[in-house]
2 protein chains.
Amino acid sequence: MKGIKKSGVRPRFQVIKDSICQAIKERIYLPDEQIPTEYELAKQFSVSRMTANRAIKELVAEGLLVRYQGLGTFVAMVQAESPLLEIRNIADEIRGRHSVYSNERYRLQEVKADKELAVQLGITPGDPVFHSLIVHKENGQPLQFAERYVNAAIVPDYVNQDFSVTTPSQYLSELFPLSEIEHIVEAILPNFLEQELLDISAETPCLLVNRRTWSANNLISYARLVHPGNLYRLSSRSEI
Amino acid sequence: MKGIKKSGVRPRFQVIKDSICQAIKERIYLPDEQIPTEYELAKQFSVSRMTANRAIKELVAEGLLVRYQGLGTFVAMVQAESPLLEIRNIADEIRGRHSVYSNERYRLQEVKADKELAVQLGITPGDPVFHSLIVHKENGQPLQFAERYVNAAIVPDYVNQDFSVTTPSQYLSELFPLSEIEHIVEAILPNFLEQELLDISAETPCLLVNRRTWSANNLISYARLVHPGNLYRLSSRSEI
DNA sequence: TGTCTATAATTGTATATACAATTAAAAGAG
DNA sequence: CTCTTTTAATTGTATATACAATTATAGACA
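Residues numbered from 1 in each chain as written. Chains lettered and ligands numbered in written order. Predicted model: local features only at pLDDT ≥ 70, side-chain atom pairs only at ≥ 80, totals over all residues. Heavy atoms only, no water.

Engineer: I would appreciate a short explanation of the side chain of A:Arg224 in the present structure.
Structural biologist: All names here are of chain A. Secondary-structure assignment places Arg 224 in strand E10 (residues 218–228). Owing to a relative accessible area of 19%, Arg 224 belongs among the buried residues under this scheme. A polar contact is formed between the side chain of Arg 224 and the side chain of Glu 194, at a distance of 2.4 Å. Filtering out sequence-adjacent residues up to four positions away, Arg 224 remains in contact with Phe 145, Ala 146, Glu 147, Ile 188, Glu 194, Leu 208, Val 209 and Asn 210. (Helix = DSSP H or I, 4+ residues; strand = E, 2+ residues; numbered from the N terminus. Buried < 20%, exposed > 50% of the residue type's maximum accessible area, 1.4 Å probe, protein only. Polar contact = N/O pair within 3.5 Å; in protein donor to acceptor, adjacent residues only side chain to side chain. Contact = heavy atoms within 4.5 Å.)

So this is what it looks like as structure tokens:
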């Protein structure tokens with residue numbers, strides 16, 4: 001009969017994973033410390049480099065390790081520190097609270113990308129982009145300053161749309177189905193325009209959500225969503 | 001700085017992943033439908049079976065596909081994108097990799113819960129809690145002000161631990177395996193103590209991560225993690 | 001008919017090898 | 001000394017190959 005030993009045999013890559021996990025847990029490998037290279041692990045466990053590579057690659061995916069090409073593999077600095085956040089459409093969020101949603105649209109025009117914007121959109125400074133600016137309000141109180149830049153080379157007709165009948169995100173999602181989305185959250189103080197439109201003081205800290213969207217590997221848009229810190233939070237609660 | 005769209009060549013396994021992703025998205029492959037076998041994909045994309053295997057294995061890890069040995073690979077039934085995004089600290093990218101970690105511990109003592117803390121921990125004002133305060137630093141620069149309150153009624157020995165050999169999170173996670181976790185992120189201006197310990201001005205906006213943890217329906221701890229907004233960001237990037 | 005068996009299909013694991021890409025450090029040039 | 005170039009170390013990707021494990025099914029057999 002074969003197959004009996006199967007239940008007892010752990011795959012070799014799993015043995016390596018377990019060993020590294022335990023070493024991290026027992027603080028034999030400390031945070032940010034370099035662990036043995038693939039070559040060394042392969043020798044140590046008498047496996048091929050590919051098998052050691054698989055073990056490490058999976059641990060990286062699980063967040064226990066980080067690795068840098070040319071440098072090595074290191075124990076992740078912050079274990080289990082990554083929150084899950086829900087970033088929702090602001091209008092839905094406001095309506096979900098049974099509040100009155102409204103907005104004010106301030107601009108929709110073609111501009112030339114400055115240096116920073118060019119970096120964000122992966123284009124060349126001076127390239128044309130479409131710029132729109134909307135302030136979303138809850139019960140008349142400004143809750144989000146939403147500035148969006150769209151790559152004009154990819155979406156040339158964006159500026160000609162009538163966004164009173166459709167919405168920018170609706171228009172974009174139909175023509176350019178979302179393939180990838182990036183959010184970066186940071187804390188800032190509002191600039192003058194943001195102070196004015198959000199009706200807040202210069203000392204009110206704000207949550208800034210930077211959002212970039214891709215469609216079929218094209219970087220379509222970059223949005224800057226500014227929220228007054230005293231009115232808006234990102235939260236999540238999850239079972240493990 | 002990379003991490004932006006790889007402009008040059010896309011790895012072959014990535015091309016296969018993209019192709020399958022898109023086919024799922026466009027409902028060319030329907031939920032529960034079998035997709036081509038590794039052998040067929042390898043032939044179709046003119047790659048080795050190992051490369052096709054990698055593409056599929058990663059899509060399985062991402063939840064788009066499920067596979068059964070001996071049967072085949074199928075489109076996952078639940079394509080329900082949770083709006084929850086896993087957000088990770090990208091302090092590494094901001095600071096670069098030449099970092100030396102250190103921390104300073106300021107307190108570990110039993111205190112009585114005030115009204116606000118009692119609300120957070122679901123206890124009665126005056127109940128005992130353990131309070132610890134650590135400032136995490138890299139290259140001597142303060143990066144996180146971490147204030148943690150632990151319910152003393154549930155974890156009575158917390159204050160007696162020697163946290164130079166173990167860590168608070170390690171101790172807690174072993175005795176009280178995490179069952180639920182809540183994060184609330186907001187933007188604040190630092191109070192005087194935070195300014196001092198983080199070595200920032202009163203005008204530096206900060207990201208505050210409020211974290212509460214549960215174990216077996218007991219509210220174990222409440223942590224207040226304050227990060228200077230210019231050094232700390234939360235980021236997520238996900239394929240759809 | 002019902003049950004066991006062999007087989008084909010498919011995924012799972014493992015190896016040896018090769019070359020590319022990235023990084024830090026050493027070596028060299030001025 | 002400073003700047004540039006080269007080199008070594010390490011991870012990233014890719015291939016060809018082999019055999020193991022699992023599953024459904026077709027076929028053999030009683």
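This is not the end of the story, as more comes after the structure.
Engineer: I keep staring at the protein's contact with DNA strand C and nothing clicks. Help me out?
Structural biologist: Neighbouring residues of DNA strand C: 25 residues in total, closest A:Arg12, A:Thr51, A:Arg54, A:Gln69 and B:Arg67. Residue B:Arg67 places a side-chain N or O atom 2.5 Å away from a phosphate oxygen belonging to DNA strand C. For the surface near DNA strand C, the element with the highest residue contribution is helix H3 (residues 49–61) of chain A, accounting for four residues. By residue class, the composition of the surface near DNA strand C is eight nonpolar, eleven polar and six charged. (Near = heavy atom within 4 Å. Nonpolar A, V, L, I, M, F, W, Y, C, P; charged D, E, K, R; others polar.)

Engineer: Help me understand the domain arrangement of chain A in this model?
Structural biologist: Note on interface size: it is often stated as the accessible area lost on association of the parts. Parsing chain A into structural domains produces domain 1 (12–75) and domain 2 (80–235). The C-alpha centroid of domain 2 of chain A is placed 40 Å from the C-alpha centroid of domain 1 of chain A. (Domains from an automatic or database assignment.)

Engineer: I tried to follow the pattern of salt bridges on my own but got confused; where do I start?
Structural biologist: It is possible for side chains of opposite charge to pair when their charged atoms get near one another. Residue and element names in this part refer to chain A. Scanning all chains against the criterion turns up 21 salt bridges over all chains. Between Glu 58 and Lys 17 there is a salt bridge, and its shortest N-O distance comes to 2.8 Å. Linking Glu 58 in helix H3 with Lys 17 in helix H1 (residues 12–25), this pair joins segments that are 41 residues apart in sequence. Residue classification places Lys 17 among the buried positions, given a relative accessible area of 7%. Note that Arg 49 and Glu 38 form a salt bridge whose closest N and O atoms lie 2.5 Å from each other. (Salt bridge = Lys/Arg side-chain N within 4 Å of Asp/Glu carboxyl O.)

Engineer: Please clarify how the nonpolar core should be interpreted in this entry.
Structural biologist: Inside soluble globular proteins, nonpolar side chains tend to come together where they are buried. Among the nonpolar cores identified, the biggest contains 25 residues, and A:Val185, A:Leu207, A:Tyr232, A:Leu234, B:Val185, B:Leu207 and B:Leu234 are the most heavily contacted of them. Within the residue set of this core, elements represented by two or more residues are helix H4 (90–96), strand E7 (141–151), strand E8 (180–188), strand E9 (206–215) and E10 of chain A together with strand E9 (180–188), strand E10 (206–215) and strand E11 (218–228) of chain B. When residues of this core are assigned to their parent elements, the largest contribution, three residues, is made by H4(A). Setting aside anything within four residues of it in sequence, one finds B:Leu207 in contact with A:Val185, A:Glu186, A:Ala187, A:Leu207, B:Val185, B:Glu186, B:Leu225, B:Val226, B:His227, B:Tyr232 and B:Leu234. If you look at the next biggest cluster of nonpolar residues, it comprises 18 residues, including B:Ile24, B:Tyr29, B:Ile35 and B:Leu41. (Core = buried A, V, L, I, M, F, W, Y, C linked by side-chain atoms within 4.5 Å.)

Engineer: In this structure, what is going on with the sheet that holds strand E2 (residues 65–68) of chain B? I would like to understand it.
Structural biologist: Either a parallel or an antiparallel arrangement is found when strands of a sheet pair, and the pairing is made through backbone hydrogen bonds. Residue and element names in this part refer to chain B. A sheet is described by the order of its strands in space; here three strands give the open sequence E1-E3-E2, paired in antiparallel fashion. This sheet does not close on itself; its edge strands, each paired only once, are strand E1 (34–35) and E2. In this structure, E1 lies alongside strand E3 (residues 72–75), joined through two bridges in antiparallel fashion. Bridge pairing links Gln 34 to Phe 74 in E3. (Pairing = 2+ DSSP bridges.)

Engineer: Where do I start with the protein's contact with DNA strand D in this structure?
Structural biologist: For DNA strand D, the set of nearby residues contains 25 residues, the closest of which are A:Arg67, B:Arg12, B:Thr51, B:Arg54 and B:Gln69. In the environment of DNA strand D, a phosphate oxygen lies 2.5 Å from a nitrogen or oxygen atom belonging to the side chain of A:Arg67. Measuring from a phosphate oxygen of DNA strand D, one finds a backbone N or O atom of B:Ser48 at 3.1 Å. Taken together, the elements giving at least two residues each to the surface near DNA strand D come down to H3, strand E2 (65–68) and strand E3 (72–75) of chain A together with helix H1 (12–25) and helix H3 (49–61) of chain B. The element best represented in the surface near DNA strand D is H3(B), accounting for four residues. Looking at side-chain class alone, the surface near DNA strand D contains eight nonpolar, ten polar and seven charged residues.

Engineer: Can you walk me through the side chain of B:His227 in this structure?
Structural biologist: Residue and element names in this part refer to chain B. Tracing the chain through its elements places His 227 in strand E11. His 227 sits in the buried class, given a relative accessible area of 0%. Only 2.8 Å separates the side chain of His 227 from the side chain of Gln 144, close enough to count as a polar contact. A distance of 3.4 Å separates a polar side-chain atom of His 227 from the backbone oxygen of Leu 225. Apart from the residues lying within four places of it in its own chain, the contact partners of His 227 are Leu 143, Gln 144, Cys 206, Leu 207, Val 209 and Tyr 232.

Engineer: How should I be thinking about the packing of helix H2 (residues 38–45) of chain B against H3(B) in this particular structure?
Structural biologist: The angle between the axes and the distance between the axes are what describe a pair of packed helices. All names here are of chain B. Orientation of H2 relative to H3, taken along the N-to-C sense of each, is 110°, at an axis distance of 8 Å. Comparing their axes, H3 and H2 come out roughly perpendicular. Handedness of the crossing formed by H2 with H3: right-handed. In contact with Glu 38, Tyr 39, Leu 41 and Ala 42 of H2, H3 contributes Arg 49, Ala 52, Asn 53 and Ile 56. The residue inventory of the contact of H2 with H3, partitioned by class, reads five nonpolar, one polar and two charged. (Axes fitted to C-alpha atoms, helices over the stretch in contact; angles between N-to-C directions. Parallel < 35°, antiparallel > 145°, perpendicular 65-115°, else oblique. Left-handed = near helix turned anticlockwise from the far one by under 90°.)

Engineer: Whenever I open this one, the sheet that holds strand E1 (residues 34–35) of chain A confuses me. Can you help?
Structural biologist: Residues and elements named next belong to chain A. Taken together, the three strands give an open sheet; going across it, the order is E1-E3-E2, and neighbouring strands pair in antiparallel fashion. Both edges of this open sheet fall to E1 and E2, since each of them pairs with a single strand only. In this fold H3 packs onto E1, E2 and E3, with an angle of close to 115° to the strand it touches most, E2.

Engineer: Help me understand the environment of A:Lys57, please; the structure alone is not making it clear to me.
Structural biologist: Residue and element names in this part refer to chain A. Mapped onto the elements of the fold, Lys 57 is located in helix H3. Residue classification places Lys 57 among the partly exposed residues on the basis of a relative accessible area of 34%. Between the alpha carbons of Lys 57 and Phe 13 there is a distance of 10 Å; along the sequence they are 44 residues apart.

Engineer: Explanation requested: the state of the cysteines in the structure shown.
Structural biologist: Linking two cysteines covalently through their sulfur atoms gives a disulfide. Inspection of the entire model under this criterion finds zero disulfides over all chains. With no disulfide of its own, A:Cys206 lies 13 Å from the sulfur of B:Cys206, the closest cysteine sulfur. (Disulfide = S-S within 2.5 Å.)

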